[in-house]
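# Chain and residue survey
Letter by letter, the chains look like this.
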Amino acid sequence: MKLKLKAAILGYGRSGSTMHAGAIQDNADSFEMAAACDVDPARRKEAAQRFNCAVYADYHEMLAKEKLDLVSVITRSDQHCEMTCECLKAGVNVLVTKPWAVNADEGRRMIRTAGETGRLLMPWLPSRWCCVLRRLKELIDAGTIGNVFFIRRSVCSFATRNDWQTENRFGGGYLLNWGPHIVDPPVVLLGSKVASVYGRMKQVINPGDVEDVFFAIMNLQNGAVVQAEFTLSVANLPDWFVQGDRGTIVAYGQDMKIYRKVPPKPDDPTKYSEMRSEEESVSEEKVKGCMYGDSAEIYREIAQALRGEKEYPVKPAHALELSETFDAIRRSDRENRVVVF
Ligand SMILES: NC(=O)c1ccc[n+]([C@@H]2O[C@H](COP(=O)([O-])OP(=O)(O)OC[C@H]3O[C@@H](n4cnc5c(N)ncnc54)[C@H](O)[C@@H]3O)[C@@H](O)[C@H]2O)c1
């Protein structure tokens, strides 16, 4: 029988106590929840009752007293880099939630520290496991809509929030909060790197001092274009609008519609006449699975990576590229220009 991996959650808040604690529980054959750390006594009590584990208010104390295989850092976004580096320096592997860093410099610092300590640094980008992204990849790889030249990825909401996510000093703002779900997946789907960015950001209805709307147009090295946005609107745009030279795929949530069409040509190019397409079809499907990734599945892969059985699929270099793109979107907005990498 394999020994269980000793896991701890640093930041047992909304996400730590649900998505991550739940996934560790779902993988009870691989993980034992050895400890939880939170500055809030009510959170510590909850973790202790649920897992019968050690609880700490100070993560340095946890690192000194526990022999851990993994710390999942699920605190506020401004805390991730410092805490991750401290855990790595204590000899522990780290899973760090999105956004792993508030800027690319923090990303580079974590990569450097992981290199110096020889520990695993695993960025959490759960939308890479999104069921719709997977289905789109299958369809595109099969050539269903030909060559994809443009993807629009949108998330619309008209909700306000009033917590640390609305403050810059805490790493708030919707680019960092939603960007990992919106900016990253279409770029991954197109399998290319960002070459240049035009971005706009606005604070429309939220309190605080950061954007609650962002918009980015990214030209990729392979010539394809991505438009990615989080926007405030009462009616919804499609989550995905994928345009190929042989059709279009539209997805609202998990409802997908696939339009296939060979570009119409005139019957006789010398005369004005009706344009005909040789082939045309429309099909609909409901994609099964999790929109923001199945956390239990991701933790299964984390366990495999910790045991050296399989590499964790999201490399720190991927997360760094995303941070560089976020930095470029901000810079483009500030300087009102296209930022070229
Ligand atoms: N889909 C996703 O992957 C997803 C979803 C939600 C949140 N998140 C990310 O998770 C992170 C946390 O978000 P949340 O909504 O759970 O926030 P939260 O405020 O509910 O949780 C943060 C927790 O950290 C604790 N904390 C603060 N300072 C601490 C310290 N010094 N030591 C120990 N604990 C400390 C707080 O008491 C709180 O319980 C954010 O970075 C957010 O972007 C990811």
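Here's what I pulled together on the structure shown here. Quick caveat: nothing in here was measured; it's all calculated off a predicted structure.

Our next topic: the site of the ligand. What surrounds the ligand is a group of 27 residues, the closest being Arg14, Ser15, Asp38, Ser77 and Lys98. Between an oxygen atom of the ligand and a side-chain N or O atom of serine 77, the distance comes to 2.9 Å. When the ligand is considered free in solution it has 850 Å² of accessible area, and contact with the protein chains removes 84% of it. Here the ligand is seated within the largest pocket. Among the secondary structure elements, those contributing two or more residues to the shell around the ligand are α1 (14-26), α4 (80-89) and α7 (174-182). At three residues, the largest contribution of residues to the shell around the ligand is made by α1. Each residue belonging to the shell around the ligand can be placed in one class, and the counts come to eleven nonpolar, eleven polar and five charged. If you count residues domain by domain, the shell around the ligand takes at least three from each of domain 1 (5-124 + 294-311) and domain 2 (128-292).

Of the voids in this model, the largest pocket is the one considered here, and its volume is about 880 Å³. What lines the largest pocket is a set of 34 residues, among which Arg14, Ser15, Ile74, Thr75 and Trp164 lie closest to the centre. Looking at the lining of the largest pocket, the elements with two or more residues in it are α1, α4 and α7. In terms of residue count, the dominant contributor to the lining of the largest pocket is α1 (four residues).

Spanning 20 residues, helix α10 (residues 316-335) covers 28 Å between terminal C-alpha atoms, matching the ideal 28 Å at 1.5 Å per step. Those residues of α10 lying buried are Ala319, Leu320, Leu322, Ser323, Thr325, Phe326, Ala328, Ile329 and Ser332. Where α10 ends, the next residue or the one after it, asparagine 336, has phi of about 50°, a positive value.

This paragraph deals with the side chain of serine 196. For serine 196, the location among the structural elements is in strand β8 (residues 194-202). Classification of serine 196 by relative accessible area gives buried; the value is 10%. Ignoring anything within four residues of it in the chain, the contact list for serine 196 reads Ile217, Met218, Asn219, Val338, Val339, Val340 and Phe341.

Cut-offs used in this document
Residues numbered from 1 in each chain as written. Predicted model: local features only at pLDDT ≥ 70, side-chain atom pairs only at ≥ 80, totals over all residues. Heavy atoms only, no water. Near = heavy atom within 4 Å. Polar contact = N/O pair within 3.5 Å; in protein donor to acceptor, adjacent residues only side chain to side chain. Areas by Shrake-Rupley, 256 points an atom, 1.4 Å probe, with all protein chains shown as cover. 1 Å grid on protein atoms, 1.4 Å probe; cavity = no way out; pocket = protein on both sides within 12 Å on 5 of 7 lines; lining within 4 Å. Sits in = over half its atoms within 2 Å of the grid points. Helix = DSSP H or I, 4+ residues; strand = E, 2+ residues; numbered from the N terminus. Nonpolar A, V, L, I, M, F, W, Y, C, P; charged D, E, K, R; others polar. Domains from an automatic or database assignment. Points joined across faces, edges and corners; volume = space filled by probe spheres on them. Expected span 1.5 Å × (residues − 1). Buried < 20%, exposed > 50% of the residue type's maximum accessible area, 1.4 Å probe, protein only. Contact = heavy atoms within 4.5 Å.

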